Number of protein chains: 2
Amino acid sequence: MAKQIVLGLVQMRCKDDVEANLSNALEKINSAVSKGAQIICLPELFRSFYFPQSEDIEQFSLAESIPGETTEKLSKVAKAKKIVIIAPIFEKRASGVYHNSVVIIDGDGKIVGKYRKMHIPDDPCFYEKFYFAPGDLGFQNFNTKYGKIGLLICWDQWFPEAARLTALQGAQIIFYPTAIGWHDSEKKSVAEAQLQAWETVQRGHAIANGVFVAAVNRVGREGSLTFWGSSFVSSPFGEVLARANRNEEEVLIVKCDLDKIDQIRQSWPFLRDRRIDAYSAITSRFVDSQK
Amino acid sequence: MAKQIVLGLVQMRCKDDVEANLSNALEKINSAVSKGAQIICLPELFRSFYFPQSEDIEQFSLAESIPGETTEKLSKVAKAKKIVIIAPIFEKRASGVYHNSVVIIDGDGKIVGKYRKMHIPDDPCFYEKFYFAPGDLGFQNFNTKYGKIGLLICWDQWFPEAARLTALQGAQIIFYPTAIGWHDSEKKSVAEAQLQAWETVQRGHAIANGVFVAAVNRVGREGSLTFWGSSFVSSPFGEVLARANRNEEEVLIVKCDLDKIDQIRQSWPFLRDRRIDAYSAITSRFVDSQK
């Protein structure tokens, strides 16, 4: 397994046109490949506009099966180019059972596995609990041609448990396909703090777990939301290796030295010292005070 | 309970003189009180130089009981000034049973409780596993006159589980008395990244848990170590509200609006969406791959 690998983060705009979005994604995958990318990740729900801005039964028609049209087309590209593709899918699992999922396709074109978003948000214009059943596949690692990959999705990025459990499975890089932005009604004064908090908490996961973290966001205006781009890769010590812009599409190409993981975990051996005898209450919702 | 509270972080040098260190701490506590501080925190093991630079049986003579000389003297000050004092102690619990502990004293001079460091480091010049038995009191919250306080110590700051479990107990502010610095043998090129990682991972805990975080470090040169100061307070959204300098003693006075916790947790309801049904593997050391 190669130790020096190249990531390609596709930060893209998404329109109300599933064919145009797929074409755009394929074009950007080709661009990333031409720049040497070996593992290429698309943003959350890349085939459609961000439909959870409203609760609308019609939008379930956007869902598809896994495998399905999107994975078939992307598998051909993965095989032809010998690359790993990370592809978010609005998954129809059964009548009335939909997930916000992501598929990972290896360099031979075969699906390695899929992750179903575990933490589902519900906030003004992010009505995801209406559309998506909570994931039931847990936190996983996927072994690919170019590395051990963990997959989490957007809202998962605020939960240290998700990153930890993924890292404990052996993941070397955690990808977060994302759709995050500013709502028109929010105060402009907190906008910068939100973006900084989003980046900081994920850099924290990289540090605490000694893994690379790659966040891949969409960009541009849709309805009342302005997606803030700013896709980035953090080293296992929290350094931002590269960061995309806030307003435009961009294919971010980032070289990662996987040997860094060994080096950093030897110098800062957090995994050695975890108090696994004392963590069981993490499965509590909250501990109510006796006082 | 007051919602606007004032923290006093005592960033101090520590000498090979337990009396001088106590006098210095008392002087700085008075200075903090005169500037309005209500909850005052001293750095880890503030009564001595950082003795875990070597493994030396003689150093066990520095340990004391809880309650003991240090807590008695600080209790008087706490009562006289009606302040909360957070005081790290090298605790002698029994013959051969020592802990790296911290005591919290309320505004009436009474000890509210104590925390014993759960995660014990062992790195060149930080030979703490030689001196300190791992804590056995778990992760706690302490209700005081001025707020609900969580206590963790230094190496704990790299473990998301520690912050999470403390926040789930109800803590509004997590204090980290600390002794962290650079070792002479380390590459200068990584020094800045270390300091940034240290601050970032703790800001991440603040964000993920919606709590204030206060890190209180020592400063100055001792043996082969240069303690980097940089004590700081993070808001529940990861903003650094104040940060001390890297080289000198400083009493950092920081106003905190505890109502921010409610506001931020309403806007970013992470605690609502935790997947407590899916976190039990957090008590695993590591999950070995089947492949």
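This report concerns the structure included in the present document.

So, how was this worked out
- Each chain has its residues counted from 1, running along the sequence as written.
- Note on labels: chains are lettered from A, ligands numbered from 1, in written order.
- Under the rules for a predicted model, residues below a pLDDT of 70 receive no local features and side-chain atom pairs below 80 are neither given nor counted, while totals for whole chains, interfaces and linings still include all residues.
- Heavy atoms from the whole structure form the basis of all side-chain values; hydrogens and water molecules are not counted.
- For every element, the axis is a line fit to its C-alpha atoms; helices are fit only across the contacting stretch, and the angle between N-to-C directions ranges from 0 to 180 degrees.
- Here a helix means four or more residues in a row that DSSP labels H or I, a strand means two or more in a row labelled E, and each is numbered from the N terminus.
- By convention the crossing between two helices is left-handed if the near helix lies anticlockwise of the far one by an angle smaller than a right angle, and right-handed if it lies clockwise.
- We call two residues contacting when some pair of their heavy atoms lies within 4.5 Å.
- Just so you know the grouping, Ala, Val, Leu, Ile, Met, Phe, Trp, Tyr, Cys and Pro go in nonpolar, Asp, Glu, Lys and Arg go in charged, and all remaining residues, Gly too, go in polar.
- Using a grid of 1 Å spacing that covers the protein atoms alone, one calls a set of points a cavity when a 1.4 Å probe fits there but cannot get out, and a pocket when the set is open and has protein on both sides within 12 Å along at least five of seven lines; lining residues are those with an atom within 4 Å of a point.
- Grid points are joined across faces, edges and corners, and a volume is the space filled by probe spheres set on the points.
- Whether a residue is buried, partly exposed or exposed follows from its accessible area with a 1.4 Å probe, protein chains only, as a fraction of its type maximum: under 20%, in between, or over 50%, in that order.
- Two strands qualify as a pair provided that DSSP identifies no fewer than 2 bridges between them.

This part covers the packing of helix H5 (residues 191–209) of chain A against helix H5 (residues 191–209) of chain B. For any two helices packed against each other, the geometry comes down to the angle between their axes and how far apart the axes lie. At a closest axis distance of 8 Å, the pairing of H5 of chain A and H5 of chain B adopts a crossing angle of 115°. Of the two elements, H5 of chain A crosses H5 of chain B, and the hand of that crossing is left-handed. Residues Ala197, Thr200, Val201, Arg203, Gly204, Ile207 and Ala208 of chain A of H5 of chain A form the contact with H5 of chain B, whose own contacting residues are Ala197, Thr200, Val201, Arg203, Gly204, Ile207 and Ala208 of chain B. Considering only residue class, the contact of H5 of chain A with H5 of chain B consists of 8 nonpolar, 4 polar and 2 charged.

Scanning all chains against the criterion turns up 3 cavities of 30 Å³ or more. In this structure, the largest cavity spans a volume of roughly 70 Å³. Lining the largest cavity are Pro160, Val201, Gly204, His205 and Ala208 of chain A together with Pro160, Val201, Gly204, His205 and Ala208 of chain B. Of all the secondary structure elements, the ones that give two or more residues to the lining of the largest cavity are H5 of chain A together with H5 of chain B. Looking at the lining of the largest cavity residue by residue, the class counts come to 6 nonpolar, 4 polar and no charged. Approximately 50 Å³ is the volume found for the second largest cavity. Those elements that place two or more of their residues in the lining of the second largest cavity are helix H4 (160–168) of chain A together with helix H4 (160–168) of chain B.

Take the pairing of strand S4 (residues 97–105) of chain A next. Residue and element names in this part refer to chain A. Counting buried residues in S4 gives 8 out of 9 residues, a clear majority hidden from the surface. As paired strands, strand S3 (residues 84–94) and S4 are joined by 9 bridges and run antiparallel to one another. Bridge pairing links Ala94 to Val97 in S4. A loop of 2 residues connects S3 with S4, the two strands running antiparallel in sequence, and Gly96 in this loop sits at a positive phi of about 80°. Across 5 bridges, the pairing between S4 and strand S5 (residues 111–116) is antiparallel. Residue Ile104 lies in a different strand from S5, and its bridge partner there is Gly113. Between S4 and S5, which pair antiparallel in sequence order, lie 5 residues; one of them, Gly109, sits at a positive phi of approximately 90°.

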